[in-house]
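One letter stands for each residue in the lines below.
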Amino acid sequence: MSDRIPSLEELHALNPAQQPGYPDPAEVKAVVEELRLRPPLVFAGECDDLRADLAKVAAGEAFVLQGGDCAETFDGVTAANIQGKLRTLLSMAVVMTYAAQVPIVKIGRIAGQYAKPRSKDTETRGDVTLPAFRGDAVNGFDFTPEARRPDPRRLLDVYNASAATLNLSRALLGGGFAHLRSAHSWNADFVRTTGVNERYEHLVAEIERALAFMVACGIDDDVFATVDFYASHEALLLEYEQALTRIDSRTKQPYDVSGHMLWIGERTRQLDGAHVELLRHVRNPIGVKLGPTTTGEQALALADALDPDREPGRLTFITRFGAGRIREGLPPVIEAVEASGRKVAWVCDPMHGNTFEAANGYKTRAFSDVVEEVDGFFDVHDRLGTWPGGLHVELTGDDVTECVGGAELLAEADLGTRYETACDPRLNRNQSLELAFKVSERLTDGRIKRVNPVQSYTPIDF
């Protein structure tokens, strides 16, 4: 692992993809210099803790739940929104933990997910063409020349919004909000029009009886009071990520202190590209999105570039093949990586390969397609004897209507009711919980077929 941070000049010489066309280089330089003076948003030791947790995932001893907004917004940095996302993730995690009986590594798409890659650099409406909206980190959503102008000072707003989000998240998760005895309250105001919430309440009642038994046996109740929670985002904007990459005083190694885990997207994973070049130098755990065109050779080349030392927990492959292609496309990629002797964490992103435009013009996803890709992911791993290591989803804590289907039977006609995303459609609270139960069923099935690597109980005869 290098102890050198590539310069912005070196990175831009590689013609990086998906970067804003800032009109004023002097303005960009001033913002980068200011960012370099800001304190870390996360600490290097926390990144090391996550890497150790992900090593357990790669070994089949833990499962990842990674979720949050498609694209965070500055207006969304409110206590209610942050609480909503956290309680949705906590509710999903408790369902999965109870089913799999292995630890769930909880990672948010949070505190940094303010930029999105786009398929086109511009957007045209009528006879007017303007820069595409690339997230609040870059420009504004309104279709005006002023709003769509890429503004580097927004990177300072990203830093401030991320700091506020992390501050509240840490306060909540360390202050009793995440206590298992609060699991009922996480679900307190969920819409109760489906059986999903009744099923959750029944599960929580079981857990509370188990907690009471353990405490009666002398286990400290404080053990159940807090959780480890990590922040992640796509490392897309080079000015922001490079400025927040620092040499750790303990290890003398570079860490990107904008988040605990960073990932490289499907559109920016060029082997000789700037994003791979920057992230191969940092010590954070790194994810890579792999789409349906990925070959085993490409996955191995990325692994060699980003993790030459084959360090446990360093590399996570997040697959996004689409419901109709995962059973055919994923096996050769896994087989090639496994044949090399590498043990990476395999995580399923069932969202990005299943987007379509509804008849009424809304970009959406069908819950049935999401479930089908998750099932395909588990089926492939079951057949190959490898560990299905996690789930990566775009979700919100709100009762939005952005994805069709699920127990609420949302139809395309419902999309306009509460379609609030800044970019891609997200699962709402009930759909997220329903998906957690679907995953828990597959994890339970896997637990029955496999020896639990974390804990196995052997009766003792006297």
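Residues numbered from 1 in each chain as written. Predicted model: local features only at pLDDT ≥ 70, side-chain atom pairs only at ≥ 80, totals over all residues. Heavy atoms only, no water.

- The protein chain is annotated in an unreviewed UniProt entry as Phospho-2-dehydro-3-deoxyheptonate aldolase from Auraticoccus cholistanensis.
- According to UniProt, the comment filed for the protein chain under the heading Pathway (unreviewed entry) is "Metabolic intermediate biosynthesis; chorismate biosynthesis; chorismate from D-erythrose 4-phosphate and phosphoenolpyruvate: step 1/7."
- The UniProt entry for the protein chain carries the following text under Sequence similarities (unreviewed entry): "Belongs to the class-II DAHP synthase family." (UniProt positions renumbered as here; feature names shortened; annotations may be inferred.)

1. Looking at the UniProt feature "binding site: Mn(2+)" (unreviewed entry) in the protein chain
Then step 1. UniProt tags Cys 70, His 352, Glu 394 and Asp 424 as "binding site: Mn(2+)" (unreviewed entry). These residues run over 355 residues, yet every pair of their C-alpha atoms falls within 9.9 Å of each other.
Then step 2. Looking at the secondary structure, you find Cys 70 in the loop between strand S1 (63–68) and helix H4 (79–100).
Then step 3. Given the relative accessible area of 0%, Cys 70 is considered buried. (Helix = DSSP H or I, 4+ residues; strand = E, 2+ residues; numbered from the N terminus. Buried < 20%, exposed > 50% of the residue type's maximum accessible area, 1.4 Å probe, protein only.)

2. Quick word on the sheet that holds strand S8 (residues 261–264)
Then step 1. Strand order around the closed barrel formed by eight strands is S1-S2-S5-S8-S9-S10-S11-S14, with parallel pairing between neighbours. Averaged over all adjacent pairs, the angle separating strand axes in this sheet is 25°, with direction ignored.
Then step 2. Pairing between strand S9 (residues 286–290) and strand S10 (residues 315–319): five bridges, direction parallel. The residue bridging Ile 286 from the neighbouring strand is Leu 315, located in S10. (Pairing = 2+ DSSP bridges. Axes fitted to C-alpha atoms, helices over the stretch in contact; angles between N-to-C directions.)

3. Brief notes about the pairing of strand S14 (residues 390–394)
Then step 1. Of all the five residues making up S14, five are buried; the element is thus mostly covered by neighbouring parts of the structure.
Then step 2. In this sheet, S14 lies alongside S1 in parallel orientation, the contact comprising five bridges. Pairing of Gly 68 across the sheet is with Glu 394, part of S14.
Then step 3. In terms of strand pairing, strand S11 (residues 345–348) meets S14 through two bridges, oriented parallel.

4. With respect to the environment of Thr 364
Then step 1. Mapped onto the secondary structure, Thr 364 falls in strand S13 (residues 363–365).
Then step 2. In this structure, the C-alpha to C-alpha distance between Thr 364 and Asp 399, residues 35 residues apart in sequence, is 15 Å.
Then step 3. The residues touching Thr 364, leaving out its near neighbours within four places in the chain, are Asn 354, Thr 355, Phe 356, Ala 358, Glu 402, Cys 403, Val 404, Leu 415 and Pro 425.
Then step 4. At a separation of 2.7 Å, a polar atom in the side chain of Thr 364 contacts the main-chain carbonyl oxygen of Glu 402. (Contact = heavy atoms within 4.5 Å. Polar contact = N/O pair within 3.5 Å; in protein donor to acceptor, adjacent residues only side chain to side chain.)

5. Thoughts on the side chain of Asn 197
Then step 1. In this structure, Asn 197 sits in helix H8 (residues 195–216).
Then step 2. One polar contact links Asn 197 to Asn 430, side chain to side chain, over a distance of 3.2 Å.

6. What about the packing of aromatic side chains?
To describe a pair of aromatic rings, you give the distance between the ring centres and the angle between the ring planes.
Then step 1. This model, assessed by the stated rule, comprises six aromatic pairs.
Then step 2. Look at Phe 74 and Tyr 114: their rings are 5.3 Å apart centre to centre, the planes differ by 35°, and that puts the pair in the tilted class. Here the residue Phe 74 occupies a position in the loop between S1 and H4, and Tyr 114 occupies one in the loop between strand S2 (104–109) and strand S3 (122–125), the gap between them amounting to 40 residues.
Then step 3. The exposure class assigned to Tyr 114 is buried, which follows from its relative accessible area of 0%.
Then step 4. Each residue in the set Phe 63, Phe 377 and Phe 378 is aromatic and connected to the rest through ring pairs, giving one cluster. (Phe/Tyr/Trp six-rings, centres within 6.5 Å; stacked < 30°, edge-to-face > 60°.)

7. Observations regarding unusual backbone geometry
Then step 1. Positive phi is not limited to glycine here, since Gln 18 has a value of about 65°.
Then step 2. With respect to the helices and strands, the residue Gln 18 is situated in the loop between helix H1 (8–12) and helix H2 (25–37).
Then step 3. Of note, the phi angle at Lys 252 is positive, near 65°, even though the residue is not glycine.
Then step 4. Position of Lys 252 among the secondary structure elements: in the loop between strand S6 (245–247) and strand S7 (254–256).
Then step 5. Using a relative accessible area of 53% as the deciding quantity, one classes Lys 252 as exposed.

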